[in-house]
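Observations on chain architecture
One-letter residues, chain by chain:
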Amino acid sequence: MKPPAKDPEAQNQSGNLKVAIEPTVTIHEDPRIKRTGTALNRQLHRTLSRRETIEPAVRYPAEFHTLSIHVETKASSGHSHSGVAEKRKGAVKELANLDWHKISGDEALQRLSVSPKTGLDSAQAQRRLVANGKNAITAAPNRFIWKILGWIFGGFGSLLLTASVVCFIAWKPLGNPNPQASNLALAVVLLIVVFFQALFNAWQDFSTSRVMKSIKGMLPSAVAVLRDGQQVTVPAIDLVTGDLVLVGMGQKIPADLRLLEVSGDLKFDRSILTGESEPVAGRLDKTDDNFLETKNIALQGTHCVSGSGMGLVIQTGDLTVFGRIAKLSSISSSQLTTLQREILRLVVIIASLASAVAIIIVILWAAWLRRKFPSYINVPGLLIDVVSVMVAFIPEGLPVAVTVSLAKVAHTLSKHKVLCKSLSIVETLGSVNVLCSDKTGTLTQNKMTVEDIAVFDTQFTTSSYRESLHSACPDMKENLAQVASVSAICNAAVFEYPTGEKGEKGISGDATDTAILRFADIMDSADSSRMAWTEVFKMNFNSKTKFMLKLSALSRHVPTGTFPAPIASWDQFTSDSYLLTVKGAPEILLPRCDYVVNPQGGPPLPLTSAVRTQLTAVQEQWAAQGRRVLILSKRVIRAEDIPKKVDKSSDEFAELVNELNYELVIVGLVGLIDPLKPDIIDTVSKCRGAGIRFFVVTGDHPTTAVAIASQAGIISNVKAVHHFSDLDPNMPMGAIKQYDMYSEDTPKGIVITGPELQTITQVQMEQLAQYDEIVFSRTTPEQKLRIVNEFKGRSNIVAMTGDGVNDAPSLKAADIGIAMGDGSDVAREAADMVLMEDFSAIVIALEYGRLVYDNLKKTVLYLLPAGSFSELMPIILNVLIGVPQMLSNIQMILICVATDVLPGLSMCLEKPEFGLLKRKPRDVKKDRLVDWKLLLHAYGFVGVLESLCAMSMSFWYLHRHGVPFSSLALRYGNWPLLTNDLLFEAQSVYFFTLIIMQWGNLFATRGRRFSIFQHTPASNWYVFPAAAMALVIGIFFSYIPWFQNVFQTRGIPVEYFFIPLTFGLALLFLDESRKFFVRKYPNGILARLAW
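What counts and what doesn't
Residues numbered from 1 in each chain as written. Predicted model: local features only at pLDDT ≥ 70, side-chain atom pairs only at ≥ 80, totals over all residues. Heavy atoms only, no water. Helix = DSSP H or I, 4+ residues; strand = E, 2+ residues; numbered from the N terminus. Contact = heavy atoms within 4.5 Å. Polar contact = N/O pair within 3.5 Å; in protein donor to acceptor, adjacent residues only side chain to side chain. Core = buried A, V, L, I, M, F, W, Y, C linked by side-chain atoms within 4.5 Å. Buried < 20%, exposed > 50% of the residue type's maximum accessible area, 1.4 Å probe, protein only. Pairing = 2+ DSSP bridges. Salt bridge = Lys/Arg side-chain N within 4 Å of Asp/Glu carboxyl O. Phe/Tyr/Trp six-rings, centres within 6.5 Å; stacked < 30°, edge-to-face > 60°. Axes fitted to C-alpha atoms, helices over the stretch in contact; angles between N-to-C directions. Expected span 1.5 Å × (residues − 1). pLDDT = per-residue confidence, 0-100.

Attention now goes to the environment of Thr-1005. Tracing the backbone shows Thr-1005 in helix H32 (residues 980-1005). In this structure the C-alpha to C-alpha distance between Thr-1005 and Glu-1072, which are 67 residues apart in sequence, comes to 9.8 Å. Beyond its immediate stretch of four places on either side in the chain, Thr-1005 contacts Lys-858, Leu-861, Tyr-862, Met-907 and Trp-1091. In this structure the side chain of Thr-1005 is engaged in a polar contact, spanning 2.7 Å, whose partner is the backbone oxygen of Asn-1001.

This is the structure we're talking about:
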């Protein structure tokens, strides 16, 4: 324990906390037992007390909602950026020093030098306000200038801006005394290109949400405090450490408070932080070493839902837990999605190639041309050549194509009710090779019905059970009826009135409780069963305890001497006894049970090992049919077992009830079925056909989970499913064969439970990761998070579906988190993608995710030959063999940002090729957006053909006008027969030849494997107007006199339009021949070289 601070008015706010650190901020519930303890048959004593006896070490502390701060790496590569990581670790380290919950209330008051009777005086409060600042969360710094710089210099922007500056310098002063207008025009055009690229970058940036804006509206505006011995109302923003705040029902907590006075019914709703609306009681003493779990701290931003109290302000503003979380949330992540990494890689490749060629040209000029041909290229000319190289290499239309492609796909997905939170995440989905799915609500309809009932070894269907109730003798009926009554009493669902249109009662509650309550109401009036009992204490079902219990007392309305079901004549029940009913998973409750109801009537039977075996056999039989199996049980509690003076809403009472949750009598078993969604089998089949491993992650019994997985097509052979025991802990790591979807040796199916995951070794985990079909059962949220991280750590791209509050950490950790539209707000916030309706939309999302990558690859391939290689050749030949540059710099820019852009964008609108979902997922480490195969095809095949044809056409034009090639080659500027007009016309011939030959490239590149007759242009009519507009744009800039004067362009004879058409057709024919041999010989050399 820390000693009191010497300067309490300016001291650091500190304490002690256990925090899990795993690199982004998620807030989730660590699901412990939680319950709502209300005694409906008593009046709450609402007077404030300064002392309350609480046993700190309880076996099952009630109403726990754990807040854990996890810092998780979003990028699939697993690389973290140290700057952000250090800031997050620093913030978490500060939280780890908090100890306010561990010290007594008197010590807390002493530490902050405040009187519990008078509070702070006004002068103290003012000094602390000046020293510590306002009680407000600091807004995220406005980095607008940095954003603008990022928009301008991001991607190719820095290269283009540098090229523009060089052009200005080449124009003036280096161009003096005769500056060339073409250099100025080139500089201006480059600036315009940079401007439009910055606009597109800004548009993408503004599509993200602002976290801080949503946080500001969550805090109260004014609060009641004790100052100068009087209760006054002050603005929440003026609260300081040491203030005594009065807390009342309906109030939002304005700062982190150490509770000093509490009423017995004081409770807080922490859903703002945990997403869980179950109220948490307020207490005076610590109930946990974790600052975020203990009940003697009221956290800023939470809500008082009942009771009253007084708290000492211990932290304000950015130093509150709420403020620290907001601070962590506002730390911008610099991690990249798979697509962003590919674009960055392309930028690096292009920049490297451009720089290398530019350096070579400068070296050649300095070492050779400057000395041997001093009048050939001067310094301004050299700079323009360097700029030309930059312009030639950079596909300026690519950023626009990327943005439009992603926006188009996101818009298409939105029509299918798939919401993408960011554009770049779309492509990540196309790379997914592991999909972890929930069962309930994702694979199944989340519409449960009770199908089977068992009382010991006697099994019933719903209809036969009802018939037995009516026809059984009194002794049998007394025992059989207990199933229906316990189903109604131990149930968190409630009826909604008025009834539905068909006269059916509406029910509000989760799917399981709803199904069981409806079953109980069909058998006998559930309302009648419930009205006979008054709730004293309740502990709701949660994923940790896997049971629900309710303690009830006999209602005062029940006639004396009458004991309603589930009380039997052999129960030894008295009017002051209590009824404990419990419902839950068999493996959890069976060890707590000692008896089972006899279906033939009479006293219950002892739960011998033989009887347990029979019950377990029923459970396994139903689970194998996909049923969810629950045990219904009861116990009569004598009045003397529960002290009358114990507050029934206290932790002490919760512990007492938990101790009584033994020696139960099994009333019966119920088997519930949650049918598969109609389209789930087809969805799973398509996902698996796409090479995606489809795993089930559920809290259900392993047999039930495997049965459902088998019905959905996730498990191929139920009889051949492996178990934890099949994983060899002694196998050498090097002997484990890595997963191969095409190998017959790949292990098929396995089922693993949550408890087994806790004991699994790394060697066993490595073996587990190689299975093709995996069912994870009885898992907790923490284990879901581990599953995601384990598979990500093995270079998989993992998608995780979820809809609950507890799914948020795993959704955040996955490469792409997918939430259901009807899921919790916390899950939807944590996810990258939301399926608003059917889960089957995941197939469409997968297909379009792959389509984005495919189309971007096609776009790059279309842009590189004319917009890069064919522009570079005139510069290379100009330097090496001394011929005129056959394509002007302005024309290079026009090809990149004008004539090639619309056809490039039309490629982004291509429909999926047949078989897109039959390919295996993209290996993000090997299958790159731009690899050597694509560069070979773009430069070595299409680029060479286009350059040769365009160069031949331009030199042929000059030859026809009296300037033979021999008079130009190796002359290095000594071209007496060449006039400027002839050069400008020859350059325009080259320009139009490229534009028209790009038509052949456009129609050839539309299909990666399929012929133009298989993947017809009819599937994307946009290519026709796009190709026509490319020619129109070229004519526009070449035939209008103003552009002819400024850009030095010219018109060309008509035959130079039609001859390149034959070249384009020849290019298309050659590529069609190549694709034919790729399809016919899939293992041939052409197939291995195919992009």
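There is more to say after this.
With 160 residues, the main nonpolar core has Leu-190, Leu-429, Ile-842 and Leu-958 as its most contacted residues. At 21 residues, helix H28 (residues 841-880) tops the list of elements feeding residues into this core. Apart from the residues within four sequence positions on either side, Ile-842 is in contact with Leu-429, Thr-683, Cys-687, Ile-818 and Leu-835. In terms of nonpolar packing, the next biggest core, distinct from the first, is built from 34 residues, Met-539, Tyr-578, Trp-622 and Phe-653 among them.

Before going further, it helps to spend a moment on the pairing of strand S26 (residues 749-753). By the criterion of burial, S26 is predominantly enclosed, with five of the five residues buried. Because side chains alternate across S26, one face comprises the buried residues Gly-749, Val-751 and Thr-753, and the other comprises Ile-750 and Ile-752, equally buried. In terms of strand pairing, S26 meets strand S27 (residues 773-777) through five bridges, oriented parallel. Each residue of the ladder has a partner; that of Val-751, found in S27, is Val-775.

Evaluation of the coordinates by the stated rule reveals 33 salt bridges. Lys-784 serves as the salt-bridge partner of Asp-438, at 3.0 Å between the closest nitrogen and oxygen. Of the two residues, Asp-438 sits in the loop between strand S13 (434-437) and strand S14 (449-455) while Lys-784 sits in helix H25 (residues 781-792), which places them 346 residues apart along the sequence. Residues Asp-438 and Lys-784 agree in their burial class; the two are buried.

On to unusual backbone geometry, then. Cis geometry marks the peptide bond from Lys-172 to Pro-173, where omega comes out at 10°. Its place among the elements puts Pro-173 in the loop between helix H5 (157-171) and helix H6 (181-205). The omega angle of the peptide bond from Ala-565 to Pro-566 is 15°, so this bond is cis rather than trans. Residue placement: Pro-566 occurs in the loop between strand S19 (547-554) and strand S20 (578-584). The phi torsion at Asn-446 lies on the positive side, around 60°, for a residue other than glycine. Within the element layout of this structure, Asn-446 appears in the loop between S13 and S14. Although it is not a glycine, Tyr-972 sits at a positive phi angle of roughly 45°. Inspection of the secondary structure puts Tyr-972 in the loop between helix H31 (932-960) and H32.

Right, let's get into the packing of aromatic side chains. Each aromatic ring pair is specified by the distance between its two centres and by the angle formed by the two planes. Taken as a whole, this structure holds 29 aromatic pairs when the rule is applied. With 5.2 Å between their ring centres and 55° between their planes, Phe-695 and Phe-791 make a pair best called tilted. With Phe-695 in strand S25 (residues 693-697) and Phe-791 in helix H25, the pair connects residues that are 96 residues apart, well separated along the chain. Here Phe-695 falls in the buried class, since its relative accessible area comes to 0%. When its relative accessible area of 2% is taken as the criterion, Phe-791 is described as buried. Ring geometry for Phe-992 and Phe-1057: centres 5.1 Å apart, planes at 65°, overall edge-to-face.

Most of helix H29 (residues 889-899) sits inside the fold, with 10 of its 11 residues counted as buried. Of all the positions in H29, only Asn-889, Ile-890, Gln-891, Met-892, Ile-893, Leu-894, Ile-895, Cys-896, Ala-898 and Thr-899 are classed as buried.

The next point concerns the sheet that holds S27. Spatially, eight strands are ordered S12-S30-S29-S28-S13-S25-S27-S26 in an open sheet, and the strand pairing comes out mixed. Of all the strands in the sheet, the pair left with one neighbour each is strand S12 (418-420) and S26. When strand polarity is set aside, the average angle formed by the axes of neighbouring strands in this sheet is 20°. Strand contacts of helix H22 (residues 702-712): S25, S26 and S27, with the helix running at about 140° to S27, the strand carrying the most contacts.

The pairing of S14 with strand S15 (residues 458-461) spans four bridges and is antiparallel. Across the sheet, Ile-453 pairs through a bridge with Phe-460, a residue of S15. Where S14 hands over to S15, the hairpin turn is made up of two residues, of which Phe-456 adopts a positive phi near 55°.

Here the focus is the side chain of Thr-753. Tracing the backbone through its elements, the reader meets Thr-753 in strand S26. Those residues in contact with Thr-753, other than ones at most four positions away along the chain, are Pro-702 and Ser-777.

As for its placement among the helices and strands, Gly-1064 is situated in helix H35 (residues 1055-1080). Taking the C-alpha atoms as reference, Gly-1064 lies 9.6 Å from Ala-1004; in sequence the two are 60 residues apart. Ignoring anything within four residues of it in the chain, the contact list for Gly-1064 reads Met-997 and Gly-1000.

In a beta sheet, neighbouring strands are held together by backbone hydrogen bonds and run either parallel or antiparallel to one another. Within the open sheet, the six strands sit side by side as S4-S3-S5-S11-S6-S9. Their pairing is antiparallel. Each edge of the open sheet carries a strand with a single partner, namely strand S4 (230-235) and strand S9 (297-298). In terms of strand pairing, strand S6 (residues 256-262) meets strand S11 (residues 309-315) through six bridges, oriented antiparallel. Across the sheet, Asp-256 pairs through a bridge with Gln-315, a residue of S11.

Turning next to helix H16 (residues 511-523). An ideal rise of 1.5 Å per residue puts 18 Å on 13 residues; H16 measures up with 19 Å between its terminal C-alpha atoms. Along H16, 10 of the 13 residues are buried, which leaves the element largely enclosed by surrounding structure. Every buried residue belonging to H16 is among Ala-511, Thr-512, Asp-513, Thr-514, Ala-515, Ile-516, Leu-517, Phe-519, Ala-520 and Met-523, and all of these are buried.

Turning our attention to the confidence of the model for the protein. On average, residues of the protein score 82 in pLDDT, and 85% of them reach the 70 mark or higher. Every residue in residues 1-82 scores below 50 in pLDDT, and together they form 281 contacts with partners more than four places removed in sequence or on other chains. Counted against residues more than four places away or in other chains, residues 208-219, with its pLDDT under 50, gives 21 contacts.

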